[in-house]
Amino acid sequence: MKVVLLGYMGVGKSTLGRLLAKTFDLRFIDLDAYIESKEQLTIPEVFQKKGEIYFRKAESLALHEIISKEDNFVLSLGGGTPVYGNNMQNIMEAPGVASVYLKLNIQTLVDRLFLQREFRPLISHYEDKNEFEEFVRKHLFERQQFYFMADHVLDLSGKNASDSLEDLIQVMN
Ligand code: S3P
């Protein structure tokens, strides 16, 4: 099984990916962690020292390495991965890969992400929650066209981790 989980920042891609991998005894790969270990820098450090364009190139390269070489895996992408270069097309064309867009209602997403913005370079500077919400709404709107290209769409709104995992397993069958 090769599974790619995608969606906006803060939807729970890594948490759910880890649970899915554990359930099926698969290798779990978090794309951000993979990049961090290759670069020997944290994601905020990559953005700060090398810039976003460098990060996006490293992200595309890491994605390519994983989906072309790894046997079975659960891979959690970064929120921006599907949006840049040919990443989404590469995912769709990779043999045997199932992609799932994890969705959350906007208010839950905004509330959760506002508390978790510190280590996310694209949003860490927001202090005003209304301005933050305006940004997230627009950003998600722009990105959704890429997210909706996934093989499956799963709405996690109002679901706890174990319900989300059950739904994810069901949607892939
Ligand atoms: C990004 C999302 C982050 C990380 C980087 C850029 C984005 O991953 O890749 O900060 O462009 O949405 P998470 O979705 O895991 O926060």
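Each remark here, short or long, concerns the structure printed above.
Residues numbered from 1 in each chain as written. Predicted model: local features only at pLDDT ≥ 70, side-chain atom pairs only at ≥ 80, totals over all residues. Heavy atoms only, no water.

Attention now moves to the site of the ligand. As a matter of local geometry, the ligand sits amid 13 residues, with Lys13, Asp32, Arg56, Arg120 and Arg143 nearest to it. Contacts to the ligand include Arg56, whose side-chain N or O atom sits 2.7 Å from an oxygen atom. Protein contact buries 94% of the 390 Å² of open area that the ligand shows by itself. Of the residues assigned to the shell around the ligand, the class counts are five nonpolar, three polar and five charged. (Near = heavy atom within 4 Å. Polar contact = N/O pair within 3.5 Å; in protein donor to acceptor, adjacent residues only side chain to side chain. Areas by Shrake-Rupley, 256 points an atom, 1.4 Å probe, with all protein chains shown as cover. Nonpolar A, V, L, I, M, F, W, Y, C, P; charged D, E, K, R; others polar.)

So, about helix 6 (residues 106-115). Among the residues of helix 6, Leu109, Val110, Leu113 and Phe114 are the ones counted as buried. In an axial view of helix 6, the angular spread of the buried residues amounts to 120 degrees, which keeps them on one side of the axis. Looking at the buried residues of helix 6, the elements they touch are helix 7 (129-147). (Buried < 20%, exposed > 50% of the residue type's maximum accessible area, 1.4 Å probe, protein only. Helix = DSSP H or I, 4+ residues; strand = E, 2+ residues; numbered from the N terminus. Arc of directions from axis to C-beta. Contact = heavy atoms within 4.5 Å.)

Let's shift gears to the packing of aromatic side chains. A complete count under the given rule lists six aromatic pairs for this structure. Pairing Phe47 with Phe55 gives two aromatic rings, centres 4.8 Å apart and planes at 40 degrees, and the pair type is tilted. Its relative accessible area of 3% is what places Phe55 among the buried residues. Through a chain of ring-to-ring contacts, three or more aromatic side chains come together here, namely Phe114, Tyr126, Phe132 and Phe135. Positioned above the aromatic ring of Phe114, the side-chain terminus of Arg117 is 3.9 Å from the ring centre. (Phe/Tyr/Trp six-rings, centres within 6.5 Å; stacked < 30°, edge-to-face > 60°. Lys NZ or Arg CZ within 6 Å of the ring centre and 35° of its normal.)

Let us now look at the nonpolar core. One finds Tyr8 and Leu75 to be the most contacted residues of the largest nonpolar core, which totals 52 residues. When residues in this core are grouped by element, the largest group, six residues, is from helix 4 (residues 52-69). When near neighbours in sequence (up to four residues on either side) are disregarded, Leu75 contacts Val3, Val4, Leu5, Ile29, Leu31, Leu63, Ile66 and Ile67. (Core = buried A, V, L, I, M, F, W, Y, C linked by side-chain atoms within 4.5 Å.)

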